[in-house]
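Descriptive structure summary
Residues per chain, in single letters:
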Amino acid sequence: MANLTIVANIIAKVDKVELVKMELLKLIDVTRAEKGCINYDLHQDNEKPAHFMFYENWISRELWQTHMGNQHLKDYMAATDGAVESFELNEMTKIA
């Protein structure tokens, strides 16, 4: 079975960049310890600091879906409610 790559783009509201960044950073260690996580890397745009991007690789879609249901993601959603301008997630497969 092919690994699953996730690219998640999070755009924070301009006045909430530090809040969103702080909450995203809280997700990293706990997620990297999850079963099936190959990598979970957070990026911030050099020109537009409100733009964050997670680049993730998972052993399987099933294990990623387990991750998506975990309490730390629910806590993140609650902590950043109203602070995120947009969120886009792409499920991808490496082809080359």
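Residues numbered from 1 in each chain as written. Predicted model: local features only at pLDDT ≥ 70, side-chain atom pairs only at ≥ 80, totals over all residues. Heavy atoms only, no water.

Turning our eyes to something else, we now look at the environment of P49. With respect to the helices and strands, the residue P49 is situated in the loop between β2 (37–44) and β3 (51–58). In this structure, the C-alpha to C-alpha distance between P49 and E18, residues 31 residues apart in sequence, is 9.4 Å. Residues in contact with P49, not counting those within four places in the same chain, are V17 and Q44. (Helix = DSSP H or I, 4+ residues; strand = E, 2+ residues; numbered from the N terminus. Contact = heavy atoms within 4.5 Å.)

Here we take up the pairing of β3. Pairing geometry for strand β1 (residues 4–12) and β3, over eight bridges, is antiparallel. Bridged to I10 within β3 is F52. In terms of strand pairing, β2 meets β3 through seven bridges, oriented antiparallel. From the neighbouring strand, N39 faces β3, where its bridge partner is N57. Taken together, β2 and the strand that follows it, β3, pair antiparallel across an intervening segment of six residues. (Pairing = 2+ DSSP bridges.)

Remember, this is a structural readout, not a statement about activity or role.
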